[in-house]
Amino acid sequence: MSKVLFLDIDGVLNSDLWNDSHREEISDGTLIDEGKIKLLAGLVKETDSEIILHSGWRFWFDTELKPLCTQANKLVELLEKENLHISGVTPDLTTEEIRKTKKFSLVKADEILLWINLHNSVTEWVVLDDLDLHSAQISRHQVKTDQTIGLTLENVKQAVKILSGNK
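S.K.: Can you explain the sheet that holds strand β1 (residues 3-7)? Please cite residues and give values.
M.R.: Here we have 5 strands laid out as an open sheet, ordered β3-β2-β1-β4-β5, and parallel in their pairing. Of all strands in the sheet, those with a lone pairing partner are β3 (86-89) and β5 (142-144), marking the two edges. With strand direction ignored, the average angle separating the axes of adjacent strands in the sheet is 25°. Of the strands in this sheet, β1, β2 (50-53) and β4 (124-129) touch helix α3 (residues 34-47), which is tilted by about 160° from β1. Relative to β4, helix α8 (residues 153-163) is tilted by about 155°, and along the sheet it contacts β1, β4 and β5.

S.K.: Which residues make up the layout of surface pockets, and what values go with them?
M.R.: Looking at the largest pocket, its volume works out to about 200 Å³. Looking at the largest pocket, it is lined by 13 residues, and the ones nearest its centre are D8, D10, F104, K108 and L131. Across the lining of the largest pocket, the residue classes break down as 4 nonpolar, 3 polar and 6 charged.

S.K.: Quick one: what's the story with the packing of aromatic side chains, residue by residue and with numbers?
M.R.: Throughout the structure, instances matching the rule amount to 3 aromatic pairs. Aromatic side chains F6 and W115 sit 5.4 Å apart centroid to centroid with 85° between the ring planes, which places their arrangement in the edge-to-face category. Taken together, the residues F6 in strand β1 and W115 in helix α6 (residues 105-118) connect sequence positions 109 residues apart. A relative accessible area of 5% places W115 in the buried class. Connected via pairs of aromatic rings, a cluster forms that spans F6, W115 and W125.

S.K.: So what about the nonpolar core? Which residues, and what values?
M.R.: Grouped together as the largest cluster of nonpolar side chains are 32 residues, with contacts concentrated most on L7, L13, L40, L75 and L128. Those elements that place two or more of their residues in this core are β1, α3, β2, α4 (70-81), β4 and α8. Once residues lying within four places of it in the same chain are set aside, the contact partners of L40 are L5, L7, L13, I51, L79, L84, L128 and L151. Among the nonpolar cores identified, the runner-up in size contains 13 residues, and I52, A109, W125 and V127 belong to it.

S.K.: Requested: an account of α3, with residues and values cited.
M.R.: Under the 1.5 Å per step criterion, the end-to-end length of α3 is 20 Å for 14 residues, consistent within 8% with the ideal 20 Å. Those residues of α3 lying buried are K36, I37, L40, A41, L43, V44 and T47. For α3, the arc enclosing every buried residue in end-on projection is 165°, short of the 170-degree limit, so these residues lie on one face. Sitting at the head of α3, D33 places a side-chain oxygen 2.9 Å from the backbone nitrogen of G35. D48, located one to two residues past α3, shows a positive phi value of around 50°.

S.K.: Lay out the packing of α3 against α8 in plain terms, naming residues and giving numbers.
M.R.: The geometry of α3 relative to α8 is characterised by a closest axis approach of 10 Å and an angle of 20° between their N-to-C directions. As judged from the angle between their axes, α3 and α8 are roughly parallel. Taken as a pair, α3 and α8 cross one another with a handedness that is right-handed. Along its contact with α3, which presents L39, L43, E46 and T47, the element α8 presents L153, V156, A159, V160 and L163. Residues that form the contact of α3 with α8 fall into these classes: 7 nonpolar, 1 polar and 1 charged.

S.K.: An account of the confidence of the model for the protein is requested, with residue identities and associated values reported.
M.R.: Regions with low pLDDT carry predicted coordinates that are not meant to be interpreted in detail. Chain-level pLDDT for the protein is 87 on average; 90% of the residues reach the 70-or-more range. Within the model, pLDDT remains below 50 along residues 22-29, and this stretch shows 8 contacts once partners closer than five positions in the same chain are excluded.

Calculation criteria
Residues numbered from 1 in each chain as written. Predicted model: local features only at pLDDT ≥ 70, side-chain atom pairs only at ≥ 80, totals over all residues. Heavy atoms only, no water. Pairing = 2+ DSSP bridges. Helix = DSSP H or I, 4+ residues; strand = E, 2+ residues; numbered from the N terminus. Axes fitted to C-alpha atoms, helices over the stretch in contact; angles between N-to-C directions. Contact = heavy atoms within 4.5 Å. 1 Å grid on protein atoms, 1.4 Å probe; cavity = no way out; pocket = protein on both sides within 12 Å on 5 of 7 lines; lining within 4 Å. Points joined across faces, edges and corners; volume = space filled by probe spheres on them. Nonpolar A, V, L, I, M, F, W, Y, C, P; charged D, E, K, R; others polar. Phe/Tyr/Trp six-rings, centres within 6.5 Å; stacked < 30°, edge-to-face > 60°. Buried < 20%, exposed > 50% of the residue type's maximum accessible area, 1.4 Å probe, protein only. Core = buried A, V, L, I, M, F, W, Y, C linked by side-chain atoms within 4.5 Å. Expected span 1.5 Å × (residues − 1). Arc of directions from axis to C-beta. Polar contact = N/O pair within 3.5 Å; in protein donor to acceptor, adjacent residues only side chain to side chain. Parallel < 35°, antiparallel > 145°, perpendicular 65-115°, else oblique. Left-handed = near helix turned anticlockwise from the far one by under 90°. pLDDT = per-residue confidence, 0-100.

What follows is the structure, encoded as C-alpha cells:
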C-alpha cells in the first residue's frame, strides 16, 4: 500500500441535493449516489489508491470489514460493482461527549494521522470529506467537498493532484 484515500461518506458519496430528490432510497437505507461511486472509482483506478473509511459509517462494519447493516451492505455492493473495496478503517478516538454532541470532526484528523503513523508504507494520501477537520496537516491533503452536491469531477482532479505529490 502506498497511496491511500481516506473516505467520508455523507457529503461525499451523497449530498443534500441528492438526498432531497431520493426520499425512497433514504427510507430504505441505501443513502448512496451511484454517480458519486463512479467518480470515486475513476479516482481510485487512476491513482491506484486504497480506500480507508474514516466516516462514521465505519462503525457499521465488523473487524473483518463485513457489513453489519443495510446501509453498509449497500455501500459494499455499489463499490464491488466498480471493482472497489474498503481496505481498512481509521481508529476510533471519540469520547462520550463527542458522540453525544456529534462533533466527530474534532477527532477525525487525529484518527487519520494515527492510522498513517501505524502504516508506514503510505507515500501519498488524500482525505475526501465535507467537514473542516481542524488540522493544518490534514488540510494540505484534504479535498473538501460541498455537502450540497457531494463529490464532483473537479474534486477528483484535485485529489489526483494530491495523490500524485502535487499539493
